[in-house]
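The chain contents come next:
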Amino acid sequence: MTANRSNPLGRGSSNGSPPPRGGSSEHWMVRVARRANLLGDMRLDIPPNASADDAWRTVARAAGVTESDLSGVVAEFFRMTVADLSAADPTAFLLVPEDFARKHRIFPLSGSDRQLVVATADPTDLEAERLIGFTTGRKAVFQVAPPMAIQNALDDRSSPERAVEDLLGDLE
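In this report, the structure presented in the accompanying data block is examined. (Residues numbered from 1 in each chain as written. Predicted model: local features only at pLDDT ≥ 70, side-chain atom pairs only at ≥ 80, totals over all residues. Heavy atoms only, no water.)

Examining the overall build of the chain
Rules: Counting from the N terminus, the helices are DSSP H or I runs at least four residues long and the strands are E runs at least two residues long. Note on exposure labels: buried denotes an accessible area under 20% of the residue type's maximum, exposed denotes more than 50%, and partly exposed covers the range between, all computed with a 1.4 Å probe on protein chains only. The contact criterion used is simple: two residues touch if any of their non-hydrogen atoms lie within 4.5 Å. In short, Shrake-Rupley with a 1.4 Å probe defines the accessible areas, and a residue's cover is counted only from the protein chains shown.
Across its full length, the chain holds eight helices and five strands. When the helices and strands of the chain are placed in sequence order, the string is β-α-β-α-α-α-α-β-β-α-β-α-α. A buried classification covers 41% of the 172 residues belonging to the chain. Residue pairs at least 24 apart in sequence account for 62% of intrachain contacts in the chain once pairs closer than 6 positions are excluded. For the chain, the exposed area adds up to about 9,500 Å²; of that, 52% sits on carbon and sulfur atoms.

See the structure below:
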C-alpha cells in the first residue's frame, strides 16, 4: 500500500467485497476518510485483497489519527454506533462460532431472541451479516470497532484462562 500526495483522485479497490454500485473501485475505507476530510489531496492505493487490518492501519496512519478515532468516523459515515467491547455479554459470544468470528473480524456484543449485536471492522461485509442471520436465526446489528480491538477481544475471550473462568463460574 502506498500513499501518494500528488493525485487527489485516490483510486484504490475494495477489501474483497464487490465495489459499491456506481462502479467505484475505491476502497470503502478511503471513501470514508475522504468524506471526513481526513486525507486532503493524498492518494492511497489499497489493493483489493487488503485485509481489514491493513486498510484501517493505512488510512489511520495516512490521516494521522488512531484506529480508535477512525472507528468514530466510520461509525458516523455508516450511521452506526461505536462498539464498546468491554461491555460485551459473555453469552453472546456463544452464539457465533469462533472461527467464523475471526474470519469476518466480528465480536458478538449482545443478543436477544430477534437480533445479535456484533462489533465489526467492516460494515460493508454483507456476507457476514447474512451468515450471522442464517447461523443464529437473528438479525445482525453492526457496531463499529477497529480490527485490532476486535482481534484482542476475540483472543481474550478465547484464551484458555477465560475458558477455565467460565467453567468455574458455571459450577458456582
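Describing the pattern of salt bridges
As a reminder of what qualifies: The salt bridge definition used is simple: a Lys or Arg side-chain nitrogen within 4 Å of an Asp or Glu carboxyl oxygen.
Taken as a whole and judged by the stated rule, the model has five salt bridges. With a closest N to O distance of 2.9 Å, Asp53 and Arg105 form a salt bridge. Of this pair, Asp53 sits in helix α2 (residues 52-63) while Arg105 sits in the loop between α5 (98-104) and β3 (106-111), and the two are 52 residues apart along the sequence. For Arg105, a relative accessible area of 15% translates into the label buried.

Observations concerning helix α1 (residues 28-35)
Listed in full, the buried residues belonging to α1 are Trp28, Met29, Val30, Val32 and Ala33. Tucked inside the fold, the buried residues of α1 contact β2 (43-45), α2 and α3 (67-77). Just past α1, the residue Asn37 takes up positive phi, approximately 60°.

Describing the packing of aromatic side chains
Within a pair of aromatic rings, the relevant descriptors are the distance that separates the centres and the angle that separates the planes. As a reminder, the rule being used: Centre distance within 6.5 Å is the pairing criterion for rings of Phe, Tyr and Trp, where only the six-membered ring of Trp is used; planes under 30 degrees apart are then read as stacked, over 60 as edge-to-face, and the remainder as tilted.
Throughout the structure, instances matching the rule amount to three aromatic pairs. Plain terms: the ring middles of Trp28 and Phe78 are 5.6 Å apart, the flat faces sit at 70° to each other, and that makes the pair edge-to-face. A residue pair is termed long-range when its members are at least 10 positions apart, and Trp28 in helix α1 and Phe78 in the loop between α3 and α4 (90-93) qualify at 50 residues. What makes Trp28 buried here is its relative accessible area of 5%. For Phe78, a relative accessible area of 24% translates into the label partly exposed. Between the aromatic rings of Phe93 and Phe107, the centroid separation amounts to 5.8 Å while the plane-to-plane angle is 40°, which identifies the pairing as tilted. With Phe93 in helix α4 and Phe107 in strand β3, the pair connects residues that are 14 residues apart, well separated along the chain. Judged on exposure class, the residue Phe93 and its partner Phe107 are both buried. Among the aromatic side chains, those forming a connected cluster through ring pairs are Trp28, Phe77 and Phe78.

Looking at unusual backbone geometry
You will see that Asn37, though not glycine, has its phi angle at about 60°, which is positive. Along the polypeptide, Asn37 turns up in the loop between α1 and β2. The backbone of Arg105 shows a phi angle near 50°, a positive value even though the residue is not glycine.

Purely geometric numbers; function is a separate question.
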